[in-house]
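As a plain string of letters, each chain reads:
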Amino acid sequence: MADLSPQELRVLAAVADSGGFSAAGAALGLTQSAVSHSVRGSEAKVGAVLFERGRGGASPTPAGERAVALARRILRMYEVLGAEVRGAGRGALAGVLRIAAFRSAALHLLPPALERLTARHPGIRPEVRVVRELGAGTAGEVAAGRADLAIATLNAGGAGGGAGGGGATGATGSVPAGAAAPGRLLTGVLREEAYALVHPAGHPDPRSLPLLDWDENCGSYTRDWWRAQDWIPRATVKAEDDGMVLTMVGRGLGMAILPELSLREATDAVDITGLGPSGPVRRVGYVTAPESASTLAVRALIRELRSEAG
């Protein structure tokens, strides 16, 4: 099988990102026929159909999704190679560092780490995308080649292990901790945080209140714990995210069970009660691709994140 050239990889990524050959051509400064010819050549080389063509454009096949993800990651390594070589010549790190994080991590875990990182390496330019921990979640951004590193909820590995919040519905983007995650990604635990009961301040019987929840608040281990608690009712109110849940609790609309990062935004309008040693705990960590894990910028960010997590 002949190797795909960098230009062929760029065409594959552009078609996937734009949803069609014409739009990809416009983005790359090529004609539609040139894009079509490039894609057909790539398909011949790999021996698989990479895009479904239709009146509405082009969408990756399962083989195409994998090819595009790898194409993005390979192209990213070309970019990093240039940045790191130039930085080595000056004795400094430089270039864009792409990060995906769920909301509370982006608010509370990343900023201090990025502040220290950019103070030490002013040439690094962080780009942070907030991604909901649903489906593939933040780790999926790394697997797809759209992020160099993700802050994700990690499960404990093995049957019954898990992290993420409680709740009876939804599916998180949790990935196994401490080893290779789906798509041969690498993970590392940054912190473990317990969940707590949060309720309106001064309420005489918080367990009698309706339960507030949000779709990301879900994990296999926590769900098992959740179902075993006969005092927890079925969620009757769903919010967009944990910040909204906390606000609604402060308004007296119900109780909720939230992890520590989410509770950093708590005000005097709520009280927080621990759930004891048998309460659920989630792991928060980083996810990166093997090729990114060896880059100087990602390694520097991981050091800062570990320092922040204590």
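By convention here, each chain's residues receive numbers from 1 onward along its written sequence. pLDDT decides what is reported in this predicted model: residues at 70 or higher carry local features, side-chain atom pairs at 80 or more are listed and counted, and totals for whole chains, interfaces and linings draw on all residues regardless. Derived side-chain values reflect all non-hydrogen atoms in the structure, with water molecules and hydrogen atoms excluded from consideration.

Digging into the nonpolar core
Operational definition: Think of a nonpolar core as a cluster: buried Ala, Val, Leu, Ile, Met, Phe, Trp, Tyr and Cys residues, connected wherever their side-chain atoms sit within 4.5 Å. For the exposure calls, accessible area comes from a 1.4 Å probe over protein chains only, and a residue counts as buried if that area is under 20% of its type's maximum, exposed if over 50%, partly exposed in between. Put simply, DSSP H or I for four residues or longer makes a helix, DSSP E for two residues or longer makes a strand, and each gets a number counted from the N terminus. Whether two residues touch is decided by their heavy atoms; if any such pair falls within 4.5 Å, the residues are in contact.
Leu97, Leu149, Ile151, Leu301 and Leu305 are the most contacted members of the largest nonpolar core, which has 25 residues in total. Breaking this core down by element, the ones donating at least two residues are strand 3 (94–101), helix 5 (103–108), helix 6 (110–120), strand 5 (149–155), strand 13 (281–288) and helix 12 (296–309). Element by element, the count of residues in this core is highest for helix 12, at 6 residues. Ignoring anything within four residues of it in the chain, the contact list for leucine 301 reads Leu97, Ile99, Leu114, Leu117 and Leu149. By size, the runner-up hydrophobic cluster in this structure holds 13 residues, among which are Leu212, Leu246, Val249 and Ala256.

A look at the packing of aromatic side chains
The relative placement of two aromatic rings is captured by the distance of their centres and the angle of their planes. This is how the line gets drawn: Any two rings among Phe, Tyr and Trp, with Trp reduced to its six-membered ring, count as a pair given centres within 6.5 Å; such a pair is stacked if its planes are under 30 degrees apart, edge-to-face if over 60, and tilted if neither. In this analysis the charged atom, NZ for Lys or CZ for Arg, is taken to sit over a ring once it is within 6 Å of the ring centre and within 35 degrees of the ring normal.
Applying the stated criterion to the full structure yields 0 aromatic pairs. Taking NZ or CZ as reference, arginine 207 lies 3.9 Å from the ring centre of tryptophan 231, over its face.

Side note on the side chain of glutamate 304
Residue placement: glutamate 304 occurs in helix 12. When residues no more than four places from it in sequence are discounted, the contact partners of glutamate 304 are Ala113, Arg116, Leu117 and Arg120.

Here's the deal with helix 3 (residues 32–46)
Threshold: Helix span, expected: 1.5 Å multiplied by one less than the number of residues in the helix. It is the directions from the helix axis to the C-beta atoms whose arc is reported.
With 15 residues, helix 3 extends 21 Å from end C-alpha to end C-alpha; this agrees with the ideal 21 Å at 1.5 Å per step. Listed as buried for helix 3 are Val35, Ser36, Ser38, Val39, Ser42 and Glu43. End-on, the buried residues of helix 3 take up no more than an arc of 160°, which puts them together on one face. Of the exposed residues in helix 3, the ones pointing more than 90 degrees away from its buried face are Ser33, His37 and Ala44. Those residues of helix 3 that are buried are in contact with helix 1 (6–18), helix 2 (21–28) and strand 1 (51–54). Just beyond helix 3, the residue with positive phi is glycine 47, at close to 75°.

Considering a nonpolar patch on the surface
Counted only if it meets this: Nonpolar side chains (Val, Leu, Ile, Met, Phe, Trp, Tyr) within 5 Å and like charges within 9 Å form the patches, drawn only from residues with over 30% relative accessible area and no salt bridge. What sets the accessible areas is the Shrake-Rupley method with a 1.4 Å probe; for residues, cover comes only from the shown protein chains. Salt bridges, as used here, are contacts in which a Lys or Arg side-chain nitrogen is within 4 Å of a carboxyl oxygen on Asp or Glu.
On the surface, Leu70, Ile74 and Tyr78 cluster together into a nonpolar patch covering about 270 Å² of accessible area. Here tyrosine 78 is to be found in helix 4 (residues 62–90). The class of tyrosine 78 is partly exposed, set by a relative accessible area of 47%.

Comments concerning the environment of isoleucine 272
Inspection of the secondary structure puts isoleucine 272 in strand 12 (residues 270–274). The class of isoleucine 272 is partly exposed, set by a relative accessible area of 45%. As for isoleucine 272 and proline 200, which are separated by 72 residues in sequence, their C-alpha atoms are 8.9 Å apart.

Things to note about the pairing of strand 11 (residues 256–259)
Note the following rule: Think of it this way: DSSP has to see at least two bridges between two strands before they count as a pair.
Where burial is concerned, the two faces of strand 11 agree: the one with Ala256 and Leu258 and the one with Ile257 and Pro259 are both buried. Summarising the sheet, strand 8 (residues 185–200) and strand 11 pair through 4 bridges and their orientation is antiparallel. Counted as the bridge partner of tyrosine 195 is proline 259 from strand 11.

Some points on the environment of serine 38
Its place among the elements puts serine 38 in helix 3. Taking relative accessible area as the criterion, serine 38 reaches 12% and is therefore assigned buried. Sequence separation between serine 38 and glutamate 8 is 30 residues; the distance between their C-alpha atoms is 6.2 Å. Residues in contact with serine 38, not counting those within four places in the same chain, are Glu8 and Val11.

With respect to the confidence of the model for the protein chain
Convention followed: Within a predicted model, pLDDT stands for the predictor's per-residue confidence, ranging from 0 to 100.
With 87% of its residues at a pLDDT of 70 or more, the protein chain shows a mean pLDDT of 86. Mean pLDDT values for the elements of the protein chain range from 42 in strand 7 (residues 180–181) up to 96 in helix 6. Taken together, the stretch residues 157–172 has pLDDT below 50 and engages in 60 contacts with residues farther than four places along the chain or on a different chain. Counting interchain partners and residues more than four positions distant, the pLDDT-below-50 stretch residues 177–182 has 15 contacts.

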